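Geometric and topological summary
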Amino acid sequence: MKQFACGDVVPSCGRTFTAPTDDEILAAVAGHARDDHGLTDIPSSLVDQVRAAIRTA
Ligand SMILES: [Zn+2]
């Protein structure tokens, strides 16, 4: 499984994600970023940060 802690990118956020693949993590993070962080467009630089912070559990 893959894990991502939003706090690795947004220090004030305690949300974590677990999914079988990076792409599923990214899809879940995109929804969370939109709903909870007000980011309707995720910049590619942020996608890169998220990818870099995804860990294999
Ligand atoms: Zn967050």
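Summary of the structure given here. (Residues numbered from 1 in each chain as written. Predicted model: local features only at pLDDT ≥ 70, side-chain atom pairs only at ≥ 80, totals over all residues. Heavy atoms only, no water.)

Considering the nonpolar core
The condition that has to hold: Remark: nonpolar core denotes a set of buried residues (Ala, Val, Leu, Ile, Met, Phe, Trp, Tyr, Cys) joined through side-chain atoms within 4.5 Å. Type-normalised accessible area, obtained with a 1.4 Å probe on protein chains alone, sets the label of each residue: buried when under 20%, exposed when over 50%, and partly exposed for intermediate values. Think of it this way: any DSSP run of H or I at least four residues long counts as a helix, any run of E at least two long counts as a strand, and we number them from the N terminus. Contacts between residues were defined by any pair of non-hydrogen atoms, one from each residue, lying within 4.5 Å.
Counting residues in hydrophobic clusters, the biggest one holds 13 residues, and the most contacted among them are F4, F17, I25, V29 and V50. Of all the secondary-structure elements, those providing two or more residues to this core are β2 (16–19), α1 (22–37) and α2 (44–53). Aside from chain neighbours lying at most four places away, what touches F17 is K2, Q3, F4, C6, I25, A28, V29 and H32.

Quick look at the coordination of the zinc ion
What counts is decided by this rule: Here the term donor refers to an N, O or S atom within 2.8 Å of the metal (or 3.2 Å for Na, K and Ca), and because water is left out of the atoms, sites may appear incomplete. All geometry calls rest on donor angles, where a four-donor set with angles between 85 and 135 degrees is tetrahedral, four- and six-donor sets with opposite donors more than 155 degrees apart and all others between 65 and 115 are square planar and octahedral, and all else is irregular.
Only C6 (SG), C13 (SG), H32 (NE2) and H37 (NE2) from the protein coordinate the zinc ion, and they sit 2.0 to 2.3 Å from it. Between the four donor atoms coordinating the zinc ion, the angles at the centre fall across 102 to 115°, so the site counts as tetrahedral. A relative accessible area of 15% places C13 in the buried class. The exposure class of H37 is partly exposed, given its relative accessible area of 30%.

Let's talk about α2
In an α-helix there are 3.6 residues to a turn, and that puts residues three or four apart on one side. Going by this rule: The directions considered for the arc run from the helix axis to the C-beta atoms.
For α2, every residue scored as buried is listed here: L46, V50 and A53. Projection of α2 onto a plane perpendicular to its axis shows the buried side chains occupying an angular sector of 70°, all on one side. Of the exposed residues in α2, those oriented more than 90 degrees away from the buried face are S44, D48 and A52. Of the surrounding secondary structure, the elements contacted by the buried residues of α2 are β1 (2–5), α1 and β3 (55–56).

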